[in-house]
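The chain contents come next:
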Amino acid sequence: MPPAFLFPQIPASSVSVNIGDPVDPQALEQAKAIVSSIKDADDKSKALLEKAKAFGDMQKEEESYVVPNKELKEAYENLPQTEREALDRIHARVLAFATAQRNSITDITIPIPGGSAGHRVTACTTAGCYAPGGRYPLPSSVIMTCVTARAAGCTFVVCSSPRPAPITLAAAYVSGCDIFVKVGGAQAIAAMAYGIPAAGSIPEIPRADVIVGPGNKWVTAAKSIVNGFCGIDMLAGPSEVLVICDKTANADVVAADLIAQAEHDVVARPLLVSDDQEMIDKVTEASKKRLETMPEPNRTTALTAFSTGFSVLCSDVPECVKVSDEIAPEHLEIQTEDAMNVGMSCKSYGGLFIGEDAAEVMGDYGAGPNHTLPTGGTGRYTGGLSVFNFLGIRTWMRIDDKKESQQMVNDTSVMARLEGLEGHARAADCRKIEK
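In this report, we go over the structure that sits alongside the text. The model shown is predicted, which means the values in this text are computed figures rather than measured ones.

1. Brief notes about the overall build of the chain
Secondary structure summary: the chain contains 16 helices and 14 strands in total. When each of the 435 residues of the chain is scored for burial, the buried share is 48%. Total accessible area computed for the chain in this model is approximately 20500 Å², and 54% of it derives from carbon and sulfur atoms. Mean positive and mean negative side-chain charge positions of the chain (40 and 55 charges, respectively) differ by 7 Å.

This is the structure we're talking about:
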């Protein structure tokens with residue numbers, strides 16, 4: 001029997017207490033053991049194979065955790081035409097947006113005394129892209145991660161996802177991944193972080209410079225463990241959507257969007273912030289009514305998620321924005337009068353969806369911007385996955401005219417001695433021109 005509908009209303013002053021650590025302590029301990037068992041194994045390939053089978057990523061009789069590229073192509077070609085064309089269009093939109101992002105930042109050179117300085121923008125060599133393989137296949141996550149890595153200019157793209165459905169394999173093909181690993185959880189993160197040597201007919205999984213993509217609590221925990229040895233995009237917690245609405249909003253549409261997020265997981269958070277109590281009541285009632293006709297298990301999942309979410313009544317729309325900025329939601333919808341200006345006044349969020357027709361679900365499925373977004377309040381200081389996660393800004397300088405550089409040499413000597421670093425000062429002094 002599904003749980004009763006519950007969508008609590010809380011005061012604005014208490015919203016911050018709902019933000020928690022994205023890394024589950026128990027999952028972290030379990031992930032440490034899994035990661036170590038692969039990292040420290042004499043035969044990493046065998047260790048990965050054993051873990052993949054033990055956790056149900058693969059069938060017991062399977063001998064390879066790598067899906068041959070020809071199977072990716074076959075999966076794509078065997079899709080019904082409607083699905084294949086939708087996949088192609090989504091790929092094109094995500095690629096267009098990621099390419100525009102990449103083109104927005106370029107190499108620079110400026111003059112300095114006696115020479116030049118600048119920066120180069122270069123992509124990492126190998127990207128590790130994770131896509132969840134839970135109750136439903138998530139080919140959209142394959143596209144969002146792999147296409148973005150390709151647009152950034154990564155030389156090699158590894159995609160990992162457990163128990164992949166044909167649509168997931170097809171998405172990997174159209175996204176141009178170089179190797180697909182049918183492994184999930186902490187074992188997948190360990191494989192991409194530390195690399196797995198070739199073993200017999202199983203090809204090498206090269207060590208990733210950056211690992212990106214959403215996942216369950218063991219994936220998040222494993223990413224926290226390997227962070228530093230390689231780069232990661234973020235530590236994602238439960239998914240969340242926050243809708244700011246006023247009396248002009250369509251309560252039924254708002255309810256539909258809250259439910260769309262709530263069906264993700266029992267710990268997903270549907271959040272409603274409004275300056276109108278009547279609207280809060282209407283959305284709450286519309287949500288309850290809509291959930292009555294939802295199929296299982298989506299209904300029970302969403303009902304449970306609603307009990308972890310909440311609504312907040314504010315005095316006006318500016319206070320709604322303040323509350324939203326405190327929460328820094330993963331997805332932020334604005335369904336108010338003058339929605340564009342309200343949206344542009346918001347400072348902390350993962351992805352912004354402005355106006356009634358800009359549904360968050362369209363962002364999920366490839367309007368262009370990435371759907372891998374920061375959760376749990378981390379939108380205060382970072383944004384969603386983008387080509388920038390795969391790029392390094394590397395600076396350089398050179399001196400062409402020693403005479404013209406002398407004032408900079410002298411300044412360096414002065415500052416080094418002020419900091420008590422005589423070796424630094426003497427390294428500068430030996431570049432002085434003797435008078």
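From this point, the discussion proceeds with the structure in view.
2. Digging into the packing of aromatic side chains
For the coordinates displayed, the defined rule picks out four aromatic pairs. Taking 5.3 Å as the distance between ring centres and 35 degrees as the angle between the ring planes, the aromatic pair formed by Y76 and Y173 counts as tilted. With Y76 in helix α3 (residues 69-77) and Y173 in helix α6 (residues 166-175), the pair connects residues that are 97 residues apart, well separated along the chain. Judged by its relative accessible area of 15%, Y76 falls in the buried class. Taken together, the ring pairs connect F5, F7 and F306 into an aromatic cluster.

3. Structural notes on the pairing of strand β10 (residues 269-274)
Counting buried residues in β10 gives six out of six residues, a clear majority hidden from the surface. By the alternation rule, side chains of β10 split into R269, L271 and V273 and P270, L272 and S274, which are all buried. Bridge analysis of strand β9 (residues 240-245) against β10 gives six bridges, and the strand direction is parallel. By the bridge assignment for β10, I244 is matched with V273. What joins β9 to β10 is helix α9 (residues 251-262), and the crossover it makes is right-handed. In the sheet, β10 pairs with strand β11 (residues 310-313) via four bridges, with the strands oriented parallel. Among the inter-strand pairings, L271 is bridged to a residue of β11, identified as F310.

4. Considering the sheet that holds strand β14 (residues 391-399)
Pairing is antiparallel across the open sheet formed by three strands, whose spatial order is β2-β3-β14. Both outer strands of the open sheet, β2 (108-112) and β14, are each paired with one neighbouring strand and no more. The mean inter-strand angle of the sheet, taken between neighbouring strand axes irrespective of direction, is 20 degrees.

5. Description of the sheet that holds strand β1 (residues 66-67)
Reading across the sheet, the six strands line up as β1-β6-β5-β4-β7-β8 and stay open at both edges, with mixed pairing between neighbours. Only two strands of the sheet have a single neighbouring strand rather than two, namely β1 and β8 (231-232).

6. Some details on the environment of V226
Within the secondary structure layout, V226 lies in helix α8 (residues 217-226). Along the sequence, V226 and L303 sit 77 residues apart, while their C-alpha atoms lie 35 Å from each other. Aside from chain neighbours lying at most four places away, what touches V226 is I189, A193, Y194, I211 and I232.

7. Focus: a nonpolar patch on the surface
A surface patch of nonpolar side chains, about 290 Å² in accessible area, is lined by V361, M362 and Y365. Inspection of the secondary structure assignment puts V361 in helix α14 (residues 360-364).

8. A word on α6
α6 sits mainly inside the fold: seven of its 10 residues count as buried. Of the positions making up α6, those classed as buried are T168, L169, A170, A171, A172, V174 and S175. Looking at the buried side of α6, the elements it contacts are β1, α3, α4 (81-103), α5 (139-152) and β6 (179-181). Just past α6, the residue G176 takes up positive phi, approximately 80 degrees.

About the thresholds
Numbers given for residues are sequential positions, taken from 1 along each chain in its written order. With the structure being a predicted model, the display of local features is reserved for residues of pLDDT at least 70 and the display and counting of side-chain atom pairs for 80 or more, all residues being used for whole-chain, interface and lining totals. Hydrogens and water molecules were not included; the side-chain quantities draw on all heavy atoms of the structure. Numbering of helices and strands runs from the N terminus; a helix is a DSSP stretch of H or I covering at least four residues, while a strand is a stretch of E covering at least two. Burial classification: accessible surface area is computed with a 1.4 Å probe over protein chains only, and a residue below 20% of its type maximum counts as buried, one above 50% as exposed, and the rest as partly exposed. Computed with a 1.4 Å probe, the accessible areas rest on the Shrake-Rupley method; for each residue, only the protein chains presented here act as cover. When charges are counted, Lys and Arg are positive and Asp and Glu negative, with His and the chain ends excluded. To locate a charge, take atom NZ for lysine, CZ for arginine, CG for aspartate or CD for glutamate. Aromatic contacts are taken between Phe, Tyr and Trp rings whose centres are within 6.5 Å, Trp giving its six-membered ring; a plane angle under 30 degrees counts as stacked, one over 60 as edge-to-face, and the others as tilted. DSSP-based pairing: two strands are paired if at least 2 bridges between them are found. If the strands point away from the viewer and the path from the first strand over the helix to the second runs clockwise, then the crossover is right-handed. Axes here refer to lines fitted to C-alpha atoms; in helices the fit is confined to the stretch in contact. Angles between the N-to-C directions go from 0 to 180 degrees. Throughout, a residue-residue contact means that at least one pair of heavy atoms, one from each residue, lies within 4.5 Å. In this scheme, patches are assembled from residues that exceed 30% relative accessible area and form no salt bridge. Like charges are connected within 9 Å, while nonpolar side chains (Val, Leu, Ile, Met, Phe, Trp, Tyr) are connected within 5 Å. The working definition used for a salt bridge is a side-chain nitrogen of Lys or Arg within 4 Å of a carboxyl oxygen of Asp or Glu.

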